[in-house]
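Close look at the chain arrangement
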Amino acid sequence: MGRRWLPDRPRPKLVSLRTTFAVSFAAVTAAVTILVGIMSYNSAARLVRVDQQSVFTQVVQDVRGEVRQHTMGPEDFSSSRPGHDLVRPARTDVQVLGAQGQIIDHGSPVLPVTSRDRAMALARPAGEVVEHKDVRVDADLFRIATVSLGDGRGAVQVAQEFSDTEDLLRALQQRTLILMAAVVVAAGLFGWWLARRITRRLVVLTSAAEDVARTRQLGIQVPVAGLDEVGRLGRAFDRMLGRLAQSEEDQRRLVQDAGHELRTPLTSLRTNISLLRRIDELPPATREDLVADLSQEARELTDLVNELVDLAAGQSDSEPPQRVDLADLAEDVVGLARRRTGREIVLHASGDTTTDGRPGMLQRAISNLVENAAKFDRDGKAPIEIGVMGPARPGTVRVEVRDRGPGIAEGDLVRIFDRFYRAADARSLPGSGLGLSIVREVAMAHGGAPFAFRREGGGAVIGFTVGGGIVPGGGSGT
């Protein structure tokens, strides 16, 4: 079955954090502004309408009280009669109906008269009321109440215009909408400015990360300052780049040094292998020497490769830390070294020798120290001494190996822990020059440091201290 061609899906357009922040800020401001605007308008409109209704109701009640207390006729409410303003407040229109419901004194504007209004004019009880809502007169809306004068003498119509109130409320609504729009626009602009200010350093970090991804150059300086989270992120990113650059440099140097060290045994192997083609022509003694050389070179090459692998793998960082007793580890090393070398090895332990660490790494460091002492004191008669002392200060343990070999020259003391470094008088001895560098890596990974000095009476003292817990990434050196 053939593979069907599918069109490429369009990649989603990236939205910057700055835009997201500005839009979110404007959206929240808009929501709050709209909510407050609607609530404010509704409250104001309700208050205005209630106030207008209460004024109209009070006028109607006053008219009803007058006609019930006094016998009054249509002429008493005429606009030409003195005192008529008592029932004609501002924004209120009054129209007087006669006994048959005819208009005696028209209002301004003239109000419509319905059958119900005429019935009020003929009504016997005084103060009866019929009310009309939303009555349109010309282009305006009115609220009208017709009050009977009693005994069929007529009625009084009281009207209140509320279309102007609605016009006022509509104008208020428009102004509220304009104000809300202005607030939303201002919030968007302010949000954009604030987002630009906040994300400016994040943009710098992003540019630095993109430059690293594009150029693969880890030495880029990240110009980020500040004490907030962005500043902390910038400093952490700068430290991360520094460590990565150092790690890359260490790996490059390790590969170069390893290549240099591997050339010598490989060249010797090639030379001896070329001799194997003429092995039948060689005397028996020469054959034995050739095979011995091949075996020795193969062992040295194997040891070198194993140590390189250990060093490049970060000294078994995957091994879980635990509480370990360095005296117990040293005792295990003593037993193994006695079987390998046949030398007398003495262990001295004092104080609290427990610490937090990785047992495999620590045991390898102690073993390297013992192997180094046995190699340089090959023909020595005095025992090799291991000292485990703790604590020199709270939480620290000191491990040292003492021998009676030829000692270490003053100029070599500061370099014996460097990778592949071998003193001039040790270059003829087997070894890779990595054993003590691994000791340094283990010590630094456990918050300690290596040390070496000449032993009084001849020989050397080489060791390390541990303490302060596991250092994350410490001492990897690769």
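My aim in this report is to walk through the structure given alongside it, one point at a time. Here the structure is a predicted model, which means the values were calculated and not measured. (Residues numbered from 1 in each chain as written. Predicted model: local features only at pLDDT ≥ 70, side-chain atom pairs only at ≥ 80, totals over all residues. Heavy atoms only, no water.)

Examining the overall build of the protein chain
We apply this condition: Labels follow the DSSP assignment, with helices taken as runs of H or I lasting at least four residues and strands as runs of E lasting at least two, numbered in each case from the N terminus. Relative accessible area decides the class of each residue, using a 1.4 Å probe on protein chains only: under 20% of the type maximum gives buried, over 50% gives exposed, and in between gives partly exposed. Working rule for contacts: check all heavy atoms of both residues, and any pair within 4.5 Å makes them a contact. Residue exposure ignores everything except the shown protein chains as possible cover, and the areas themselves are Shrake-Rupley values with a 1.4 Å probe.
Per the secondary structure count, the protein chain includes 8 helices and 12 strands. Scored against the burial criterion, the 478 residues of the protein chain give a buried share of 38%. Summarising the internal contacts of the protein chain: among those between residues at least 6 apart in sequence, 64% fall at separations of at least 24. Within the structure as shown, the protein chain displays about 28,100 Å² of accessible surface, and the carbon and sulfur contribution to it stands at 56%.

Some remarks on the nonpolar core
Spelled out, the test is: In these notes, a set of buried Ala, Val, Leu, Ile, Met, Phe, Trp, Tyr and Cys residues joined through side-chain atoms within 4.5 Å is what counts as a nonpolar core.
By size, the foremost hydrophobic cluster in this structure holds 37 residues, and its most contacted members are Leu326, Leu362, Ile386, Ile462 and Phe464. Considering each element in turn, this core owes the most residues, 8 residues, to helix H7 (residues 359-376). Formed by 14 residues, the second largest nonpolar core is a distinct cluster that contains Met72, Val147, Leu149 and Val158.

Considerations on the sheet that holds strand E3 (residues 129-137)
To summarise the sheet geometry, strands pair through backbone hydrogen bonds and adopt either a parallel or an antiparallel arrangement. Note the cut-off: Only strands that DSSP links by at least two bridges are regarded as paired with each other. Only the contacting stretch of a helix is used when fitting its axis, a line to C-alpha atoms as for every element, and angles between N-to-C directions run 0 to 180 degrees.
The 5 strands are arranged E2-E1-E5-E4-E3 in an open sheet whose pairing can be described as antiparallel. Bordering the open sheet on either side are strand E2 (103-105) and E3, each of which pairs with just one other strand. Direction aside, neighbouring strands of the sheet carry axes that sit 30° apart on average. In this structure, strand E4 (residues 140-148) lies alongside strand E5 (residues 155-161), joined through 7 bridges in antiparallel fashion. By the bridge assignment, alanine 145 is partnered in E5 with valine 158. The sheet strands contacting helix H2 (residues 115-122) are strand E1 (92-97), E3, E4 and E5, and the helix crosses E3 at an angle near 145°.

Section: the side chain of glutamine 95
Rules: Polar contacts, as counted here, are pairs of nitrogen or oxygen atoms within 3.5 Å of one another; within protein the pair requires one atom able to donate a hydrogen and one able to accept it, and residues that are adjacent in sequence qualify only if both atoms are side-chain atoms.
Position of glutamine 95 relative to the elements: it lies in strand E1. Only 3.1 Å separates the side chain of glutamine 95 from the backbone nitrogen of glycine 107, close enough to count as a polar contact. In this structure glutamine 95 touches Ile103, Asp105, His106, Gly107, Val110, Leu111, Val113, Ala155, Val156 and Gln157, once residues within four positions along its chain are discounted.

Digging into H7
Definition in use: Expected span, for any helix, means 1.5 Å times one less than how many residues it has.
With 18 residues, H7 extends 26 Å between its outermost C-alpha atoms, agreeing within 8% with the 26 Å of an ideal straight helix rising 1.5 Å per residue. Among all positions in H7, only Pro359, Met361, Leu362, Ala365, Ile366, Ser367, Asn368, Leu369, Val370, Asn372, Ala373 and Ala374 are buried.

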